[in-house]
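# Remarks on the overall topology
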Amino acid sequence: MLQCCLTASGEVLVAHNATLGSDVTLSCVQSGQAKSSTPHWEKEGAPTSNTSLFLNNTAYIVLHSVDKQSQGTYTCKNETHQVQHFLYDSENTYKAAHALYRADFSSSEVSLICRSKNRYPTVTWTLKQSHQNRKIHVLTAKRGEQKSHGRFLSEVYDGFFFLLHIKYVEFNDSGEYSCYVNNDSNVFTTIWLRTLKVSAEPPDGVFRNQSVVLTCEVSEVTVGVTLAWLRMEGNTAVLVKQDVLTDSKRTLSVTLKSFSEDQLLWQCALFTENTPRAVAPIKLCLLPESWTKPCMTTKPTTADESDAISCQHDKLKISAFIQPAGNTPKAQHGTDVTLSCVVASLPESYTLQWEREGAPTSNTTLFLNNTAYIILHSVDQQSQGTYTCKLKQNGKDLMCLSETVSVSEYTYATKSFALYRETSNSSDLALICKSDKSYDRIKWQINHPELTMIAAEKGKNTVVNGPIEPGKRTTTSYNGHEFILHVSPVRFNYSGTYKCVGDDKTNYSTVRLHTVRVSAEPPGALRNQSVVLTCEVSEGADRVTLAWLRMEGNRAVLVKQDALTGSKRTLNVTLKSLSEGQLLWQCALFNESTLRALAPIKLRLLSTFTETPQSGDRVVEGSILHTVIIAACAVAACVVILLGALLFYFQRKSAADGGHVAMAKAEEEEEELHYATVTVLGVCDGAGGNPGKNAPGTSDSTIYSTVNFN
């Protein structure tokens with residue numbers, strides 16, 4: 001750890017070389033006369049992205065795990081002065097020993113660096129925690145290898161440099177990490193990782209006059225560690241409480257008896273020798289005062305919107321559907337997770353919205369019957385975190401409840417899991433196979449009948465056997481642990497059971513894929529013409545309910561639903577007439593009351609062909625379309641006739657000139673099997689037909705045929 005202190009005049013008081021992989025804290029003290037602006041740190045003219053803090057007229061910046069890229073000029077700027085720091089890294093980490101501090105929250109990460117001057121064939125990272133008597137093996141790599149183990153990842157080891165990266169640092173990741181080279185018993189580099197976490201009680205929001213307790217905890221206490229609770233006022237931190245920790249005291253709590261809208265943002269800062277080393281943020285949720293009223297058993301005759309939801313704090317509820325990993329509360333890696341948030345009543349100006357760590361989510365969402373749904377597809381370690389359901393009035397947060405999603409590191413399971421996907425050009429599926437054990441060979445196969453679709457050997461590129469073309473996120477080089485088959489788009493006939501099989505014949509991951517498709521007949525209709533919407537689910541899906549929903553902005557209105565039984569696989573709804581407000585629809589698939597998939601469809605409202613032009617020589621859109629179709633059919637017919645005549649001519653000429661040569665060659669060649677794909681386009685479907693009825697790209701437009709050439 002390197003600390004550099006600056007005076008208001010810009011004089012550099014301390015300048016040392018930083019140890020490779022350590023943290024560097026820079027501080028800049030603002031003069032008493034320059035308080036119209038807040039100092040901020042820049043690196044070579046650009047704002048920095050590292051942890052920063054402004055407290056007691058001092059601007060701090062923490063540079064994490066410094067390396068060659070961290071070198072440069074750091075400038076502390078305000079109205080009166082500029083101060084520069086020059087940092088230089090050491091060449092290696094031999095016999096280096098330093099401590100790193102990280103907070104436990106969704107975007108936290110840490111890099112552990114081990115670098116030698118000499119080249120070594122192997123390198124190893126181990127971990128020893130305070131409650132264990134032995135060291136745990138984390139990762140070992142040979143020269144040219146890149147390794148991963150859950151949240152622990154490495155870069156390619158070049159014989160000199162080996163970086164261990166931990167994504168989404170958790171509180172229990174703390175401990176003593178040691179780097180060994182070439183199976184040497186002597187430690188090459190030692191790094192102590194100490195973690196910090198914060199919590200609030202109650203966690204889901206409080207009323208203005210309700211007390212809340214904030215707690216900050218550090219994993220291990222050393223001499224000179226101080227914790228401080230800071231209330232954030234914009235970019236400035238205000239010290240509320242601090243305390244020096246001891247071996248028997250690892251936490252600092254502060255009780256807020258009451259607070260307001262400007263007291264929602266807090267940070268816990270950890271200091272060693274008066275230097276900030278880590279900051280853990282937390283955001284509180286303030287509930288409206290109207291919700292503190294007693295619950296009403298009957299609806300008042302003159303109820304405004306505030307009265308209508310005066311009891312929502314008792315009735316806002318969150319539920320989570322997960323496919324668990326064994327007996328743990330974690331979601332199985334690679335499965336889908338559905339979160340739902342329901343409120344008893346919802347007046348017009350109120351909305352429910354899902355957010356993750358303060359940002360709106362981009363996953364499948366639906367708002368139906370006062371319930372907000374979110375589907376997390378093919379969850380992995382990056383899906384972990386806190387998901388918050390917020391009740392808002394005219395865009396202002398009123399109340400929130402949170403659900404923490406945890407995901408297992410590996411996909412091994414003794415039972416299969418079900419995934420549901422809609423079929424469209426934008427549909428997406430990730431089949432994830434991630435093993436704790438390292439396999440030399442692995443494959444994804446589908447069992448109807450058993451067919452290997454994609455296979456790989458460790459350290460080599462994958463081999464695609466078909467019939468499904470892999471998507472862009474498919475694993476291209478297998479590392480021995482993680483093997484992903486990405487499919488996009490998903491077709492209706494892709495349903496079936498998929499298995500990830502290792503070289504020891506172990507079914508490491510088994511997924512049952514069910515597909516959903518929607519259609520309209522006709523897909524475009526006149527204003528007074530009826531339309532039939534059809535939603536169909538593939539065979540094998542049990543306990544399924546389909547529902548047709550008409551979309552009105554962000555809200556869905558239930559039109560028809562039915563629980564499928566026996567051989568029934570479809571749900572139809574007939575629209576007797578069509579208008580501009582009835583063009584957006586979705587078919588929702590529920591499995592045991594849990595939303596599992598959504599299939600959207602957008603209808604087209606056509607103009608009549610007999611419509612009279614409004615002025616001059618203008619024609620209406622329907623008439624233009626009709627003319628274009630007829631012209632296209634005529635041109636296509638002419639082209640076909642011309643090509644046929646030319647083909648007939650050249651065939652006759654070829655037969656006359658060299659027929660005996662072709663026959664001799666045919667007798668010498670072996671019989672060869674070819675596969676031809678024929679796409680039926682249906683360009684002309686009659687004068688008033690639908691040119692998009694059999695459009696290519698749908699699962700019904702492709703015919704596979706076998707052709708024998710003798």
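Keep in mind it's a predicted model, so treat the numbers as computed, not measured.

Taking burial as the measure, the eight residues of strand β23 (residues 265-272) include seven buried ones, the bulk of the element. Direction of pairing for strand β20 (residues 225-233) relative to β23: antiparallel, over a ladder of seven bridges. Among the inter-strand pairings, W229 is bridged to a residue of β23, identified as C268. Relative to strand β24 (residues 275-283), β23 is paired through eight bridges, and the arrangement is antiparallel. Among the inter-strand pairings, T272 is bridged to a residue of β24, identified as T275. Where β23 hands over to β24, the hairpin turn is made up of two residues, of which E273 adopts a positive phi near 55 degrees.

It is worth spelling out empty space enclosed by the protein at this point. One pass over the full model with this rule turns up one cavity of 30 Å³ or more. Taken as a whole, the largest cavity encloses approximately 70 Å³ of empty space. Q332, H333, G334, T335, T411, F417, L419, A430, L431, I432, S509 and V511 together form the lining of the largest cavity. Elements supplying a minimum of two residues to the lining of the largest cavity: β34 (417-422), β35 (429-434) and β41 (507-521). Here the lining of the largest cavity takes three residues from β35, the largest share from any one element. For the lining of the largest cavity, the class distribution of residues is six nonpolar, six polar and no charged.

On to the confidence of the model for the protein. Confidence in the prediction for the protein averages 77 pLDDT; 74% of positions are at 70 or higher. Counted against residues more than four places away or in other chains, residues 610-628, with its pLDDT under 50, gives 12 contacts. The low-confidence segment residues 653-710 (pLDDT under 50) makes 50 contacts with residues lying over four places distant or belonging to another chain.

The rules behind the values
- Residues numbered from 1 in each chain as written.
- Predicted model: local features only at pLDDT ≥ 70, side-chain atom pairs only at ≥ 80, totals over all residues.
- Heavy atoms only, no water.
- Buried < 20%, exposed > 50% of the residue type's maximum accessible area, 1.4 Å probe, protein only.
- Helix = DSSP H or I, 4+ residues; strand = E, 2+ residues; numbered from the N terminus.
- Pairing = 2+ DSSP bridges.
- 1 Å grid on protein atoms, 1.4 Å probe; cavity = no way out; pocket = protein on both sides within 12 Å on 5 of 7 lines; lining within 4 Å.
- Points joined across faces, edges and corners; volume = space filled by probe spheres on them.
- Nonpolar A, V, L, I, M, F, W, Y, C, P; charged D, E, K, R; others polar.
- pLDDT = per-residue confidence, 0-100.
- Contact = heavy atoms within 4.5 Å.

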